[in-house]
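Report on the structure
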Amino acid sequence: GENVEQHPSTLSVQEGDSAVIKCTYSDSASNYFPWYKQELGKRPQLIIDIRSNVGEKKDQRIAVTLNKTAKHFSLHITETQPEDSAVYFCAAGFSGSARQLTFGSGTQLTVLP
Amino acid sequence: DSGVTQTPKHLITATGQRVTLRCSPRSGDLSVYWYQQSLDQGLQFLIQYYNGEERAKGNILERFSAQQFPDLHSELNLSSLELGDSALYFCASSVDKTGELFFGEGSRLTVL
């Protein structure tokens, strides 16, 4: 089955700096790579996703890049703000079927004011 | 609001007991997924149902079982509870063609 590794497990940045979280996956058949943000005590929420026919996707201050050859993808957050502090999960799966997503272990991002 | 409803929000019970967690998916979503999140842990996939049938099974213990009913709501049954079963249990639903998961608010289970 799919195996997703996520690094780092914790990340602290100064407000205004950039943050990068990296994930690798094992199943070359995976073609859907979402990122979820989970605030303390809340449910995970999708913040951005990318499919394998695209190398990069941006949405305001967040961007995701995908390297299918190397089987890794990354989340980039620019101009970080205190409200970006949360746990971020990457996941890999196959869009178009009922196969489940496999999640990474999560990154606790802390943005210091 | 994701449109996924989970009940109860909080549940405290004793070891050896049995509990049932309930999930109503978003309108139109046929797939329901159950995830377990222990303290400071990631999201561990338990089981998935699609239109009433079990579609995929993850690290679900034999003491746990689930089902999806004709109205598409799902129940996760946890029996012979142990202290280590204390966790936040999330239900999620999806439209299969996109793969995006919509999570409920979770049911926090505490086993004393």
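For the structure itself, look to the data block above.
Per chain, residues are indexed from 1 in the order of the written sequence. Each chain is given a letter, starting from A, and each ligand a number, starting from 1, according to the order in which they appear as written. Thresholds applied to this predicted model are a pLDDT of at least 70 for local features of residues and 80 or more for the giving and counting of side-chain atom pairs; totals over whole chains, interfaces and linings are not thresholded and use all residues. Computation of side-chain values covers all heavy atoms of the structure but excludes hydrogens and water.

**Regarding the sheet that holds strand S1 (residues 5–7) of chain B**
Residues and elements named next belong to chain B. Two strands are counted as paired when DSSP detects at least two bridges linking them. Secondary structure elements are taken from DSSP: a helix is a run of H or I of four residues or more, a strand is a run of E of two residues or more, and numbering for both begins at the N terminus. Strand order in the open sheet formed by four strands is S1-S3-S8-S7, and the pairing between neighbours is antiparallel. On the outer flanks of this sheet lie S1 and strand S7 (64–68), each paired with one strand and no other. Strand after strand, the sheet turns through a mean of 15 degrees between neighbouring axes, direction not considered. Pairing analysis gives five bridges linking S7 to strand S8 (residues 74–78), with the strands arranged antiparallel. Paired with glutamine 67 across the bridge in S8 is glutamate 75. Axes here mean lines fitted to C-alpha atoms, for a helix over just the part in contact, with angles spanning 0 to 180 degrees between N-to-C directions.

**Some remarks on the environment of phenylalanine 89 of chain A**
Structurally, phenylalanine 89 of chain A is set in strand S9 (residues 86–92). For phenylalanine 89 of chain A and histidine 7 of chain A, which are 82 residues apart along the polypeptide, the C-alpha to C-alpha distance reads 10 Å.

**A word on the side chain of serine 79 of chain B**
Tracing the sequence through the fold places serine 79 of chain B in the loop between S8 and strand S9 (87–94). Counted as a polar contact is a pair of N or O atoms within 3.5 Å, where, for protein atoms, one must be capable of donating a hydrogen and the other of accepting one, and residues adjacent in sequence contribute only when both atoms are in side chains. From its side chain, serine 79 of chain B meets the backbone oxygen of arginine 63 of chain B in a polar contact 2.8 Å long.

**So, the nonpolar core**
Residues and elements named next belong to chain A. Here, nonpolar core refers to any group of buried Ala, Val, Leu, Ile, Met, Phe, Trp, Tyr and Cys residues whose side-chain atoms link them within 4.5 Å. A 1.4 Å probe rolled over the protein chains alone gives each residue an accessible area, and that area as a share of the maximum for its type sets the label: buried under 20%, exposed over 50%, partly exposed in between. Formed by 23 residues in total, the largest nonpolar core has its most connected members in Trp35, Phe73 and Leu109. Sorting the residues of this core by element identifies strand S2 (10–14), strand S3 (19–25), strand S4 (32–38), strand S5 (45–51), strand S7 (62–67), strand S8 (72–77), S9 and strand S11 (107–112) as the ones contributing at least two each. In contact with leucine 109, other than residues within four places in its own chain, are Leu11, Val13, Ala19, Ile77, Asp84, Ser85, Ala86 and Tyr88. The contact criterion used is simple: two residues touch if any of their non-hydrogen atoms lie within 4.5 Å.

**Section: the state of the cysteines**
A covalent bond bridging the sulfur atoms of two cysteines is what the word disulfide describes. Cysteine sulfurs are considered disulfide-paired once they come within 2.5 Å of each other. Evaluation of the coordinates by the stated rule reveals two disulfides over all chains. For cysteine 23 of chain A, the disulfide goes to cysteine 90 of chain A, at an S-S distance of 1.9 Å. Looking down the S-S bond of the cysteine 23 of chain A and cysteine 90 of chain A bridge, the torsion is -100 degrees, so its handedness is left-handed. You can see cysteine 23 of chain A sitting in strand S3 and its partner cysteine 90 of chain A sitting in strand S9, a full 67 residues away along the chain. Like cysteine 23 of chain A, the residue cysteine 90 of chain A is buried in the burial classification. Between cysteine 23 of chain B and cysteine 91 of chain B runs a disulfide, and the two sulfur atoms are separated by 1.8 Å.

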